[in-house]
Amino acid sequence: MSTIFAQASALGKAGVSVVRISGPSAFDAARKLAGSLPLARQTALRVLRDAKGEILDEALVLCFEEKASFTGEQTVELQTHGSIAVVRAVLAELGKHEGLRVAEPGEFTRRALANGRLDLAQVEGLADLISSETEAQRQQALRLFSGGLGELATSWRESLIRASALLTVTIDFADEDVPVDVKPEVLDLVSGVQTGMKQQLLGFGAAERVRMGFEVAILGAPNVGKSTLLNALAGRDAAITSEIAGTTRDVIEVRMELAGLPVTLLDTAGLRETDDVVEKIGVSRALERASAADLRVYLVEAGDQDSFEPSAEDLIVAAKADLLAEGSAGVSGLTGSGISELVARISEALLNKTARAGLATRERHKSAMERCLSALESAVDMVGRGDEFSDLAAEELREALAALNSLIGRVDVENVLDEVFSSFCLGK
Amino acid sequence: MKHLDFDVVVVGGGHAGTEAAHAAARMGVRTALVTLRKADIGTMSCNPAIGGLGKGHLVREIDAMDGVMGRVSDRAGIQFRLLNRRKGPAVQGPRAQQDRALYRSAMLAATEAQPLLSIVEGETVDFIEKSGKVSGVLLADGTEISAREVILTTGTFLRGTIHIGDVSYAGGRMGDKPSIRLAERMDNFELPKGRLKTGTPPRLSGRTINWDILESQPGDSEPTLFSFLSKEPEARQISCGITHTNEKTHEIIADNLDKSAMYGGHIDGVGPRYCPSIEDKVVRFADKTSHLIFLEPESLSNDTIYPNGISTSLPENVQKEYVQSISGLEQAEIVQPGYAIEYDFIDPRALTLELRLKSIDGLFLAGQINGTTGYEEAAAQGLVAGLNAARAVLEQEPVLFSRAESYIGVMIDDLVTRGVSEPYRMFTSRAEFRLSLRADNADQRLTPLAVSLGCVSEERKKLFYNKAKALESAKNLLDSCAFTPAELRAANVNVNQDGSRRTAFQLLSYPDVSLDTLLPLDPTLKSITPTIAKQLERDALYVNYIERQQREVDAMKRDEKQHIPVSFDYSALDGLSNELKLKLSRSQPQNLAQAAGIDGMTPAAIALLLAKLRQARRSKGA
């Protein structure tokens, strides 16, 4: 029996949100987040941390032992702050634990029933409960599918059905007059789905960012004026600025709002080869944080050696515009020239990212797509190994379709056979 | 007027009927097999082959239950081929070309030899009913046969109509009359019905075929047999021939489409998409300029050739014209024209998982009458019906086959839960757990069940337990032998040099490792015989996937255990859409797993159903 988790309270902003974990590893999972657990049926305040020790939230923790919980299984309820971002972060962290998965709709109730935990009166009330749940699901599905994801999911579905059909033809109709080498088309179809899904997952990240905030890192050679720029952007002296190269050795964060988006600006150590042990750590930390950031702003001075490789969307800005000829483009933290242009460019880049957001919004969608992608990856591997592994390739595709089911509803063998019979001339 | 008395009466001596009668008799109840003519027992009306992909699995499973089809096929097989030999073992299917005459005589001999089983010749025209329960059958000559349970396996004989071009006449099979009186009697039961069709190719005279210019397809050099009891083929082995249609053939067919029964609008029934007529192929796949034909000898003792791939309902003269346009068949003579047959079938959703009619007590249906096609599908249903009829006579619980354990279970569940829209044929892709439902482990999956039912011979029991013991000790040995990466490298096995030991069983899951690879590392492994080694290699290959599927299997088995009473009132379920209520009350699922298989069911609806079931059970217990 697997351990499941989900937000048990209503979705959206609220005073308190409840995340429920149920199943044999519920206590273990909660312990990993909260450090220690209170006695059963007693509450305690705990700091929830992710695997790296970063704080997720402070939450009221409540444990129920087996046979003494709603589901009848070991259960933990985490009462977190009612922020969408917090809940999302907690759910995402739980999703990383081995043996844990997001609960299917109605699954807590179902387990409660399976374990005989609901009494007659509760069963009476269950019908309403469930119909409201399905209504919510329906609305949710409608919202989801009125957007672009509907079309996308339909095309994924078609591609994967077609890919399954191709493998089915070579397996179930191998003694007939059918194409033998379906590999190129299968790989083509699968890779199309992979690309689309990966884009959606990136978009999921952006949707998450809208709630959790973007990170923008400022990078550049030492003493190019990164901290001065940060201060200018932030409008206050958040970073220590001096004229000694290598002043910023740690990463300095400033939270601000740009174009209505929550943004954390990161000021980093200047990038250069150095023998200074502390500065060296600063440089590597700068690179690490910067690569994880959503956007990087590179400040460059004429004559700087390119010690970095910006990606296509990163911004490259001429530094110390106050020292350049009048009218040349660039930015100066000192005089403030070019600052508003830079703000506009950063905002535009971030808004571009948010434009991709919004289709897949739920943790469940994300985990379904991730499961699907991982099965597709194995399928590609199996297809590549040749005919001998076509049954395993087909199994991975079945797994991928099963994952897709939670996004788009059931796809079953009849759909695959329909495709087989409509495209291939079978029958000796 | 004669009067006979049996426990179980089986009507029909085809593949479903024989298997049903044998199964009931093996269970120890007095069984009668009623057939028009004794000589027709085990007749193959379509192509002379048993097995194939998915179908070979069914035959192995029937054999694992100690059924007859596998044993008889091994005796009458004249060309054995393992299909998908170069694919994964889970999707390999044994197939054998059969000698029709040998098959019939072997099946008759097996049937006559089966204790408690009697063959009765005659035409069944009516049922005997007592207080609302079918309790026997009436034959045309007035003979009454009373029985506790009746199994009907009439194949395509219910209102069978044969079409050749624009000529059509009533017939169950070429040369046989249909069961019209029985069909009228069945009408009184008001069962949901449908009409299906299927076709056969013209049969050719082998002497008139120019074999010299044709490609020949021999059987496997090491034949894979069906029965776990068989050792080697008994009949002389032959090769099949291969030829192709060409543009000329297609032209002749296209020019005469209006004369085809199918395209001339004479046939209403739905045909199988996976077995289209040559007319269908030419129309639907117009861009293909050639189709494959296998020329399959029907017997060692006569000259008839079954040209597999050109079934038709065109007029005889057109058949001759297009056949003679094909390479190697220029002089070929048709000994029996191809024809299409239309027949009634009963919507299998009217059946329980035991294949018993829900609305009529005492009557089971098995085989083509349930909308399936194929000898193997028919025989497997016969087995299920025969076992359950006997269980009912013995007043024992029904035997249900799970989708998670057998192709038989997959088929029965598909039929009674979803019904059919075209003749139902088994494919490996229908089995969601096909990686564990392999032809090679059918005995491991089903023989223990058969033993517990008491329908297994002493010989098979002994053989099975010896094999099971050998498998177990070999598995233990493989689990206990472990090697370091360095040892493995010395034996040319490449693994990560991570210092951790791997067991022999784990190593077998690597694509390029077989038991032979490991033999130099540990001489005790030599004690494992090749057959046992092969099965364990296959188990190892799939072990990770099977573990992953286990959650699905567990969920299904749990749901299968949640029985839904026949009287369950779906309309009283608040919170369920009307559409779902309708679907549920129409299909009357017997358990929660079946309900979950109904199109459109949601997890929430299943939870609701479960809740009501528990409520009903508790109030009953209170």
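Not measured: the values here are computed from a predicted model.

### A look at the overall build of chain A
Thought 1: A count of helical and extended segments in chain A gives 12 helices and 11 strands.
Thought 2: Counting all 428 residues of chain A, 50% fall into the buried class.
Thought 3: Excluding contacts between residues fewer than 6 apart, the proportion of contacts in chain A whose partners are at least 24 apart in sequence is 61%.
Thought 4: In the form shown here, chain A has an accessible surface area of approximately 19,600 Å², with 51% of it arising from carbon and sulfur atoms.

### Here we look at the overall build of chain B
Thought 1: The number of helices and strands found in chain B is 19 helices and 24 strands.
Thought 2: In chain B, 73% of the contacts between residues at least 6 apart in sequence involve partners at least 24 apart.
Thought 3: Accessible area for chain B stands at about 24,200 Å²; split by element, carbon and sulfur atoms hold 49% of it.

### Digging into a nonpolar patch on the surface
Residue and element names in this part refer to chain A.
Thought 1: A grouping of V277, V278 and I281 is seen on the molecular surface, where their side chains present a nonpolar patch of about 280 Å² in accessible area.
Thought 2: Relative to the elements of secondary structure, I281 occurs in helix 8 (residues 277-292).
Thought 3: For I281, a relative accessible area of 45% corresponds to the partly exposed category.

### A word on a negative patch on the surface
Residue and element names in this part refer to chain B.
Thought 1: Together, E247, E251, D255 and E321 make up a region of like negative charge exposed at the surface.
Thought 2: It is helix 6 (residues 247-255) that provides the largest number of residues to the negative patch, a total of 3 residues.
Thought 3: You can see D255 is positioned in helix 6.
Thought 4: Residue class for D255 comes out exposed when judged on its relative accessible area of 56%.

### Examining the pattern of salt bridges
Once the charged atoms of two side chains with opposite charge are near each other, the side chains can pair.
All names here are of chain B.
Thought 1: Scanning all chains against the criterion turns up 52 salt bridges over all chains.
Thought 2: Across the salt bridge formed by D126 and R185, the nearest N and O atoms sit 2.3 Å from each other. Residue D126 is located in strand 8 (residues 124-130), and its partner R185 is located in helix 5 (residues 180-187); the two are separated by 59 residues in the primary sequence.
Thought 3: Two residues, D498 and R502, come together in a salt bridge whose shortest N-O distance is 3.1 Å.

### Remarks on the environment of I84 of chain A
Residues and elements named next belong to chain A.
Thought 1: Mapped onto the elements, I84 comes out in helix 2 (residues 84-96).
Thought 2: What makes I84 partly exposed here is its relative accessible area of 29%.
Thought 3: Placed 67 residues apart in sequence, I84 and S17 show a C-alpha to C-alpha distance of 8.6 Å.

### Here's the deal with the side chain of R391 of chain B
Thought 1: Its place among the elements puts R391 of chain B in helix 9 (residues 375-393).
Thought 2: If we ignore the near neighbours within four places in the chain, the residues touching R391 of chain B are M27, Q396, E397, V399 and L453 of chain B.

### A few points about the packing of aromatic side chains
Residues and elements named next belong to chain B.
Thought 1: Following the criterion strictly, the structure yields 4 aromatic pairs over all chains and no others.
Thought 2: Measuring from ring centre to ring centre gives 5.6 Å for F127 and F189, while their planes differ by 45°; the resulting arrangement is tilted. Linking F127 in strand 8 with F189 in the loop between helix 5 and strand 14 (193-199), this pair joins segments that are 62 residues apart in sequence.
Thought 3: Take F189: its relative accessible area is 12%, and that puts it in the buried class.
Thought 4: Summarising the aromatic geometry, the rings of F464 and Y465 are spaced 5.2 Å apart at their centres and angled 70° between planes, so their arrangement reads as edge-to-face.
Thought 5: For Y465, a relative accessible area of 41% puts it in the partly exposed group.
Thought 6: Positioned over the ring face of F228 is R60, at 5.2 Å from the centre of the ring.
Thought 7: If you follow R430 out to its NZ or CZ, it ends over the ring of Y424, 4.1 Å from the centre.

### Considering the confidence of the model for chain A
All names here are of chain A.
Thought 1: In the predicted model, chain A carries a mean pLDDT of 76, and the fraction of residues at 70 or more is 70%.
Thought 2: The element-level mean pLDDT for chain A is lowest in helix 4 (residues 120-146), coming to 45, with helix 1 (residues 26-34) highest at 93.
Thought 3: Contacts for the low-pLDDT stretch residues 127-146, under 50 throughout, to residues beyond four places or in other chains number 24 contacts.

### Some details on the pairing of strand 13 (residues 167-170) of chain B
Residue and element names in this part refer to chain B.
Thought 1: Inspection of the sheet shows strand 12 (residues 161-164) paired to strand 13 by 4 bridges, in the antiparallel sense. Bridge assignment links I162 to a residue of strand 13, and that residue is Y169.
Thought 2: Two successive antiparallel strands, strand 12 and strand 13, enclose a turn made up of 2 residues, where G165 displays a positive phi of approximately 55°.

### Digging into the nonpolar core
All names here are of chain B.
Thought 1: F127, I151, L152, L363 and L387 are the most contacted members of the largest nonpolar core, which has 104 residues in total.
Thought 2: With 11 residues, the top contributor of residues to this core is helix 9.
Thought 3: Ignoring sequence-local partners within four residues, the contact set of L387 consists of A23, M27, M65, F401, L453 and C455.

### Observations concerning the environment of K55 of chain B
Residues and elements named next belong to chain B.
Thought 1: Among the secondary structure elements, K55 is positioned in helix 2 (residues 55-64).
Thought 2: When the C-alpha positions of K55 and R425 are compared, they lie 8.3 Å apart, and in sequence the two are 370 residues distant.
Thought 3: Discounting residues that sit within four places of it in the chain, K55 has contacts with T373, G374, E376, E377 and R425.

### Some points on helix 16 (residues 530-561) of chain B
Thought 1: End to end, helix 16 of chain B covers just 39 Å across 32 residues, shorter than the expected 46 Å (1.5 Å per residue, more than 12% under).
Thought 2: Of all bends in helix 16 of chain B, the biggest is about 55°, found at V543 of chain B.

### A word on the sheet that holds strand 5 (residues 75-81) of chain A
Residue and element names in this part refer to chain A.
Thought 1: Across the sheet, 6 strands lie side by side as 3-4-5-2-1-6; this open sheet has mixed pairing. Two strands close off the open sheet at either side, each with one partner strand: strand 3 (43-49) and strand 6 (100-102). Neighbouring strand axes in the sheet, compared pairwise and without regard to direction, differ in orientation by 30° on average.
Thought 2: The sheet contact formed by strand 3 and strand 4 (residues 55-64) spans 7 bridges and is antiparallel.

Cut-offs used in this document
- Residues numbered from 1 in each chain as written.
- Chains lettered and ligands numbered in written order.
- Predicted model: local features only at pLDDT ≥ 70, side-chain atom pairs only at ≥ 80, totals over all residues.
- Heavy atoms only, no water.
- Helix = DSSP H or I, 4+ residues; strand = E, 2+ residues; numbered from the N terminus.
- Buried < 20%, exposed > 50% of the residue type's maximum accessible area, 1.4 Å probe, protein only.
- Contact = heavy atoms within 4.5 Å.
- Areas by Shrake-Rupley, 256 points an atom, 1.4 Å probe, with all protein chains shown as cover.
- Patch = residues over 30% accessible without salt bridge, like charges linked within 9 Å, V, L, I, M, F, W, Y side chains within 5 Å.
- Salt bridge = Lys/Arg side-chain N within 4 Å of Asp/Glu carboxyl O.
- Lys, Arg positive; Asp, Glu negative; His and termini not counted.
- Charge placed at Lys NZ, Arg CZ, Asp CG, Glu CD.
- Phe/Tyr/Trp six-rings, centres within 6.5 Å; stacked < 30°, edge-to-face > 60°.
- Lys NZ or Arg CZ within 6 Å of the ring centre and 35° of its normal.
- pLDDT = per-residue confidence, 0-100.
- Pairing = 2+ DSSP bridges.
- Core = buried A, V, L, I, M, F, W, Y, C linked by side-chain atoms within 4.5 Å.
- Expected span 1.5 Å × (residues − 1).
- Bend = angle between axes of the 7 residues up to and from the residue.
- Axes fitted to C-alpha atoms, helices over the stretch in contact; angles between N-to-C directions.

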